[in-house]
Structure formats: structure tokens, C-alpha cells
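Listed below are the residues making up each chain.
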Amino acid sequence: MKPTVRTATAVWIVGLLVYLVAVFHRSSLAVAGLAATERFDISAAQLATFTMLQLLVYAAMQIPVGLAVDRFGSRSVLLTGTILITVAQAGFALAPSYSLALVARVFVGMGDAMTFICVLRLVSSWFPARRIPLVTQLTGTLGQLGAVAAAIPMTWALREVGWTRAYLATASLGLLLTAAILVVLWDAPGVRHLRGPAMSLTAVRTSLAASWAHPGTRLGFWMHFSTQFSATALSLLWGYPFFVRGEGLSSGTAGALLTVMVLAVMCAGPILGWLVGAHPWHRSTTVLAIVSVIAGVWTVVLAWPGNAPLWLLVVLAVVVGVGGPASMIGFDLGRTSNPAERFASATGIINQGGFLASLVLVITIGLILDWRTPGDSDAYPPEAFRWAMSAQYVLWALGLTQVYRYRVKTRRVVDRDELEGITRAVG
Ligand SMILES: N[C@@H](Cc1c[nH]cn1)C(=O)NCC(=O)O
């Protein structure tokens, strides 16, 4: 395949669709929660275990997947991930018990973990350097449409055709994607299957240590860590209960605020992609500013006496939403701080940051809500949410400190003219 704009776009669209469907599967449980509690006869805590397990598996798989992509190429790993997700979702559709459904969900998390890194690797191989930040942002941004698709059609399908058929229908999307990967995807222009060198355990350790030793990779990790946990915790689990029980909104308004968050992602993604491409030296300044604004708006919401007004909650949904695309800036640090053959493993290291922070936050919010709620009830009072959401300050303080530290260290080893030259070069 020649590196024409058409072939690069075709490869990207297939990769993007695979990622979008992975986001769909990842998010589908957010709307199927009630149906899941009835089907498996489980409590809210057992339902939350699905989300936690999925985040845990996703985060734990990032480095092995990154290494696999550097060794076997995106095409092979993406194909494996798609088959895994398809079989696991079919298993989830048919699982007769909670424990088997949990096992299926573990494999959904594994397949999911294999998609994003592959798509970013394809983008970096197929697009000219100056276009990579924008196409990377568009990938993250458009991929979130999978969460939108999970909300309305999935709610409808669960109601109209029931659990098994709805989940089997979504699993069948994987068959189409498998065919598209086989027909359209090449790892790089002129290279159908990219194969990196086989690495011994010692070589793997050395390569990971080399990525981690570069302050730019660590800066990327802490950027990803600091920016996305608020959005992930709200969209995957706690947003709806926070708006309804913590802020006294109706379920319709709470749903609308979660949609505002997705709209903010859609608008901010391309703008940040352009900004990073045009001003690579200021990537960390952009992240420091965005995280400070997120923490500032949360502070106003949490300090507001009684329920916060709706306009303020809309502002909160917008700024928290911007944190999602802001986390993608971390991947750009990984790209410009590592050689091509370490690209995917560096991306895996960085991608762990935000998902580890999200996992810690999701669990901590649950624990604090239980601690601050009288008795065994899960009717959490607004005061309990104030305590629980304040757990974010610990993560922001740690994240901002580390971003600032590694920005100073990275700037010492990176040549500004060279960096601006790389990203502006016409590839
Ligand atoms: N922060 C996300 C992607 C994103 C982009 N815009 C909003 N969210 C991320 O790290 N993605 C990895 C993944 O697997 O989704």
C-alpha cells in the first residue's frame, strides 16, 4: 500500500471504528446497570465491581500490550483484541451467573486494552509528523462517540429485545471489524506486518527502563494521570448519582449534564490537537492550566452552600469534559521523547496514569460515601458527596506537583528548536 492520503485515511478510519466499538462495549454497562442488577440479582457494590475490574484489567494490560505492539505490529494486536472483545461480549450476553459475567468482563477489558495503543501507533506510522497531534486528538475525540452510541441505542435495545439479544447484536459488530482489519489494515506504508526484534526478558526490562528514564515519558504519564480521572469517574460510575443525590437534579437533567461532558470533549479535542501541533513547547503549560481550572471549578461547586446552581454544574461538566482530550497531550510527550521502536510501550506506560488514577478515585469515592452515610443504606446524602468528591484534591496535588517537576527536567534535555522543527516538518 502506498502512503497516499486516501490509504492513510482508510487505515485510520478502520482503526478509529475498532476503538469506537471498544469504547461502546466499555461504556455499555453504564446504561445496562439496572438490567444487570435484575439479571444477576446483585447489589450496587457488586455492579460497581464490574467497572473496577474492567479499569484494573485495562490498566494492568497497558505495558504488555505496548510491548506486543512494538514486537508484532498494530495489525496483529488489533485483530487479537477485536476477536477477544467479540467472544467476551458474546459470553457476557449468555453468562448465566454473576461470576461468569465477571470473567467475561475481564476479557472485554483485555480486548479493550489492545485497541487504543494500536490505533495511535498506526497514526504515527501513516501520517506526516505535523498532522499527528491533530489526528491523535481526533481519534480520542471521535472514539468517545462509542459512549454516546452506548447510551441511547443500547437503552432502547435492552428494553425492546432483552439482554441476550442486545449484547449478542453488539458483539456481532466485531465480525465486521475483523473483516475490515484483515482487508484494509497495513502496519505502515509498504509494510503489511511490522515485526520488531524478539526481546529477552532482560531486553524488555532495559527497553521499558529506557522509556521510563526519559523525563518526557514521565511527564506524559503525570499529564495523563492528572487530567482525565475526574471525567472517567463521573462518566463511568459516579456522575449520575452525584448530580441526582448530591446536587438534587432530576434524572433527565443529570443525563443531560453527562451529555454536555461528551459535547465538551468533541469541541475541545480538535482545538487542543491544533494547539499542541502549533505550540509543542507549551504542552505542559496547557495541561497545568486545564487541571487548575478543573480543580478550581470543583472547589466552587463543593463550597457552594446547598445545591449548586445549574449554570455552575454546566460549567463543571464542560471543564471536566475538557480533561479527557487534555490527557491525550501526554501521548504526544511519549511520541517526541522515544524512538519509533519504543513508541507503543511508551504509550502503554503513559496510558496507565489516567486509568490508575480513575480506579483509585472510583474506589475511594465508594468507600467515603459508605463511611459518611448512616446505616447500611445507599441513599447517600449531599454531605457525603462533598467528602467523597474532595478525594480528588489528593490526586490533583500529586499530579500537578509531578507535572511541574518533570516539565522542568524535560525542558533541560529537549531542544526547543528541534522539537518545534519535528512537529512542523512536512513529512
Ligand atoms: N483520555 C482518553 C481518550 C479521550 C479523548 N477524549 C476524551 N477521552 C484516553 O486516554 N483514552 C485511552 C482509551 O483507551 O480510551
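Calculation rules
Every chain's residues receive numbers from 1 upward, in the order its sequence appears when written. Since the coordinates come from a predicted model, pLDDT governs what is reported: local features require at least 70, and pairs of side-chain atoms require 80 or more to be given and counted, while whole-chain, interface and lining totals use all residues. Runs of E in the DSSP output that reach at least two residues are strands. Runs of H or I that reach at least four are helices, and both are numbered from the N terminus. Residues with at least 20 neighbouring C-beta atoms inside 10 Å of their own are called buried, those with 12 or fewer are called exposed, and the rest are partly exposed, where every C-beta is derived from the backbone. Here, residues touch in the contact sense if the C-beta positions derived from the backbone fall within 7 Å of one another. Buried Ala, Val, Leu, Ile, Met, Phe, Trp, Tyr and Cys residues form a nonpolar core when they are connected through C-beta atoms within 7 Å. Per the annotation, domain bounds derive from an automatic or database assignment of domains. Lines fitted to the C-alpha atoms define the axes, with helices restricted to the stretch that makes contact. Angles between their N-to-C directions range from 0 to 180 degrees. Under this scheme an angle from 65 to 115 degrees is roughly perpendicular, one under 35 degrees roughly parallel, and one over 145 degrees roughly antiparallel; angles in between are oblique. We call a residue near a molecule or strand if the C-beta atom, set from the backbone, is within 6 Å of it. Throughout this entry, Asp, Glu, Lys and Arg are counted as charged residues, while Ala, Val, Leu, Ile, Met, Phe, Trp, Tyr, Cys and Pro are counted as nonpolar. The remaining residues, Gly among them, count as polar. Given the number of residues in a helix, its expected span is that number minus one, multiplied by 1.5 Å. The arc in question is the one traced by the directions running from the helix axis out to the C-beta atoms. The sense of a crossing depends on the near helix, which, turned anticlockwise from the far helix by less than a right angle, makes the crossing left-handed and, turned clockwise, makes it right-handed.

**Looking at the overall build of the chain**
Inference 1: A tally of regular secondary structure across the chain gives 16 helices and zero strands.
Inference 2: Expressed along its principal axes, the backbone C-alpha trace of the chain runs to roughly 60 × 45 × 40 Å.
Inference 3: When each of the 427 residues of the chain is scored for burial, the buried share is 48%.
Inference 4: Restricting to contacts in the chain with at least 6 residues of sequence separation, those with at least 24 account for 84%.

**Some words on the nonpolar core**
Inference 1: Counting residues in each nonpolar core, the largest one holds 117 residues, and the members touching the most others are A233 and V362.
Inference 2: Looking at which domains feed residues into this core, each of domain 1 (1-188) and domain 2 (200-427) supplies at least three.
Inference 3: Beyond its immediate stretch of four places on either side in the chain, V362 contacts T51, M52, L55, A233, L236, L237 and W238.

**Points about the packing of helix α2 (residues 44-94) against helix α13 (residues 343-372)**
Helix packing for two helices is described by the angle between their axes and how far apart those axes are.
Inference 1: Closest axis-to-axis distance for the α2/α13 pair is 8 Å, and the angle between their directions is 170 degrees. What the angle tells us is that α2 and α13 run roughly antiparallel.

**Describing the domain arrangement of the chain**
Inference 1: Split by domain assignment, the chain resolves into domain 1 (1-188) and domain 2 (200-427).
Inference 2: Between domain 1 and domain 2, the C-alpha centre-to-centre distance is 21 Å.
Inference 3: Listed per partner, the contact involves 35 residues of domain 1 and 45 residues of domain 2.
Inference 4: If you list the elements that add at least two residues to the side of domain 1 that touches domain 2, you get α2, α4 (116-126), α5 (132-143) and α6 (145-161).
Inference 5: By residue number, the principal contributor to the side of domain 1 that touches domain 2 is α2, which donates 15 residues.

**Looking at the site of the ligand**
Inference 1: In the vicinity of the ligand there are 13 residues, among which F116, G140, G324, P325 and S327 approach most closely.
Inference 2: Secondary-structure elements contributing two or more residues to the shell around the ligand are α5, α10 (251-278), α12 (310-337) and α13.
Inference 3: Per element, the largest residue contribution to the shell around the ligand is four residues, and it comes from α12.
Inference 4: Residues belonging to the shell around the ligand are distributed by class as follows: four nonpolar, nine polar and no charged.
Inference 5: Composition of the shell around the ligand by domain shows at least three residues from each of domain 1 (1-188) and domain 2 (200-427).

**Examining helix α3 (residues 98-113)**
Inference 1: Its 16 residues place the ends of α3 22 Å apart at the C-alpha level, agreeing with the 22 Å of an ideal helix rising 1.5 Å per residue.
Inference 2: In this structure, the buried residues of α3 make contact with α1 (5-40) and α2.

**Quick word on the environment of G269**
Inference 1: Looking at the secondary structure, you find G269 in helix α10.
Inference 2: A C-alpha to C-alpha distance of 5.1 Å links G269 and P325, two positions 56 residues apart in sequence.

**Here's the deal with unusual backbone geometry**
Inference 1: If you check the backbone angles, D41 has positive phi at about 55 degrees while not being a glycine.
Inference 2: Residue position: D41 is located in the loop between α1 and α2.

**Quick word on helix α7 (residues 163-184)**
Inference 1: Between its terminal C-alpha atoms α7 stretches 33 Å, which fits the 32 Å expected from 22 residues at 1.5 Å a residue.
Inference 2: Among all positions of α7, only A166, Y167, T170, A171, G174, L177 and I181 are buried. Relative to the axis of α7, the buried residues are bounded by an arc of 125 degrees and lie together on one face. Of the residues in α7, the exposed ones pointing more than 90 degrees away from the buried face are L175, A179, L182 and V183.

**Concerning the packing of helix α8 (residues 201-213) against α13**
Inference 1: At a minimum axis distance of 10 Å, the contact between α8 and α13 shows a crossing angle of 60 degrees. In terms of their interaxial angle, α8 and α13 are classed as oblique. Here α8 runs over α13; the crossing is right-handed. Here S207, L208, S211 and W212 of α8 lie close against α13, whose contacting residues are S345, A346 and I349.

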